[in-house]
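Close look at the chain arrangement
Now for the letters of each chain:
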Amino acid sequence: MTLRHVGGNEYVEEHGGDYEDFEPGMVIRHWPGRTITETDNTWLTLLTMNQHPLHFDRAYGADAEYGRVLVNSGITLCLVGGMTVQALSARAVANLGWDKVRLKDPVFVGDTLYATSRILAKRLSNSRPGQGIVTVETTGAKSTGEAVIVFERSFLVRRRDTAHPTTAS
């Protein structure tokens, strides 16, 4: 979170960054983390129509490889990606894509996940003057330190000299 002075004793809370705020090699530790509940896993798995019993049937999970229910990897991607929005893309014009998604370790109900991102590259947009593309690599890890997911994401963001200031409501 950044506070931008707007006059007198008044500030506007800002999230995300402009193109100029990102430099290749920067590492950002996102906060807060999130503990995954059984409700999260069951509801989101069924909401996305994933009917594999490994994600919501305890008896089935008990006989499977890990001996318990496994958190749906789509939830892991969405949750870890969401953790990055406040610092990285809250002011983005658009997400451009996710690439090289790799699942490293299983996630279980009760695990707490944290995210860290490293800025890989940035460049000015060829088709959109006043905007740039930022590419990051994000790692989601359990509170115990085990990486569970790694992915790259690119997003389009305004350059500061062309950004429109936000107003408090």
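Above this note sits the structure.
Since this is a predicted model, take the numbers as computed values, not measurements.

1. Observations concerning the overall build of the protein
- A count of helices and strands for the protein gives four helices and eight strands.
- Ordered by position from the N terminus, the helices and strands of the protein form the series β-β-β-β-α-α-α-α-β-β-β-β.
- Once the C-alpha set of the protein is aligned to its principal axes, its extents read approximately 60 × 40 × 30 Å.
- Total accessible area computed for the protein in this model is approximately 10,000 Å², and 52% of it derives from carbon and sulfur atoms.
- Put simply, the protein has 18 plus and 19 minus side-chain charges, and the middle of one group is 6 Å from the middle of the other.

2. Quick word on the pattern of salt bridges
- Under the defined criterion, the tally for this structure stands at twelve salt bridges.
- A salt bridge links Arg-91 to Asp-18, with the shortest nitrogen-to-oxygen separation between them at 2.8 Å. Pair noted here: Arg-91 is in the loop between α4 (85-89) and β5 (92-103) and Asp-18 is in the loop between β2 (10-14) and β3 (27-29), with a separation of 73 residues, a long-range link.
- Owing to a relative accessible area of 5%, Asp-18 belongs among the buried residues under this scheme.
- Linking Lys-142 and Asp-105 is a salt bridge whose minimum nitrogen-to-oxygen distance equals 3.9 Å. A residue pair is termed long-range when its members are at least 10 positions apart, and Lys-142 in strand β7 (residues 131-142) and Asp-105 in the loop between β5 and β6 (112-124) qualify at 37 residues.
- Three or more residues are tied together by salt bridges with common partners; here these are Asp-18, Asp-21, Arg-91 and Arg-160.

3. A look at helix α3 (residues 73-83)
- Listed in full, the buried residues belonging to α3 are Ile-75, Thr-76, Leu-79, Val-80, Gly-81 and Met-83.
- Check the buried side of α3 and you find it contacts β4 (34-35), α1 (38-47), α4, β6, β7 and β8 (147-158).

About the thresholds
- Residues numbered from 1 in each chain as written.
- Predicted model: local features only at pLDDT ≥ 70, side-chain atom pairs only at ≥ 80, totals over all residues.
- Heavy atoms only, no water.
- Helix = DSSP H or I, 4+ residues; strand = E, 2+ residues; numbered from the N terminus.
- Areas by Shrake-Rupley, 256 points an atom, 1.4 Å probe, with all protein chains shown as cover.
- Lys, Arg positive; Asp, Glu negative; His and termini not counted.
- Charge placed at Lys NZ, Arg CZ, Asp CG, Glu CD.
- Salt bridge = Lys/Arg side-chain N within 4 Å of Asp/Glu carboxyl O.
- Buried < 20%, exposed > 50% of the residue type's maximum accessible area, 1.4 Å probe, protein only.
- Contact = heavy atoms within 4.5 Å.

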